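So the chains spell out like this:
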Amino acid sequence: ILQDAQINCNKLGLDFTTVLSNTNTCYNPNKEGESCGKCGSCQERLLAFNTLGIKDPVPYSTSYEELIKNVLESEKNFQNSKK
């Protein structure tokens, strides 16, 4: 989905970062509108941006670097549990 968004933003002459910074998929944002980084939606979003090598432009209530570390560890544990 993010790859398609990049392609279409380029075709339309839109800035991908600006467009995606105006989206929020978090199930439980705080009062300031920051994403929690812990819900399923946030984790999938973090993984998707990480896969593309792009930092998610939305604000998170926790350090982005810590969130990426935790979500990658969770994904690794999940993949290992399927073996």
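Refer to the structure printed above.
Owing to the predicted nature of the structure, the values given are computational and were not obtained by experimental measurement.

> Whenever I open this one, the packing of aromatic side chains confuses me. Can you help?
Two aromatic rings, taken as a pair, are described by how far apart their centres are and by the angle between their planes. Per the stated rule, a full pass over the model turns up 2 aromatic pairs. Ring centres of F16 and F49 lie 6.3 Å apart, and the angle between their planes is 45°; this geometry places the pair in the tilted category. Note that F16 is positioned in helix α2 (residues 16-21) and F49 in helix α3 (residues 40-52), a separation of 33 residues in sequence. The burial state of F16 is the same as that of F49; both residues are buried. Seen from their ring centres, Y60 and Y64 are 6.0 Å apart, and the 55° between their planes marks the pair as tilted. We note that Y60, like Y64, is buried.

Conventions we followed
Per chain, the residues get numbers from 1 upward, laid out in the order the sequence is written. Local features in a predicted model are, by the rule used here, given only for residues with pLDDT of at least 70; side-chain atom pairs are given and counted only at 80 or more, and totals for whole chains, interfaces and linings are based on all residues. Values shown for side chains rest on all heavy atoms present in the structure; no hydrogens or waters enter the calculation. Aromatic pairing here means that ring centres of Phe, Tyr or Trp (its six-membered ring) are within 6.5 Å. Orientation follows from the plane angle: under 30 degrees is stacked, over 60 is edge-to-face, and everything else is tilted. Only runs of H or I of at least four residues qualify as helices and only runs of E of at least two qualify as strands under DSSP, and these elements are numbered from the N terminus. Throughout this description, buried means an accessible area under 20% of the type-specific maximum (1.4 Å probe, protein chains only), exposed means over 50%, and partly exposed covers the range between.

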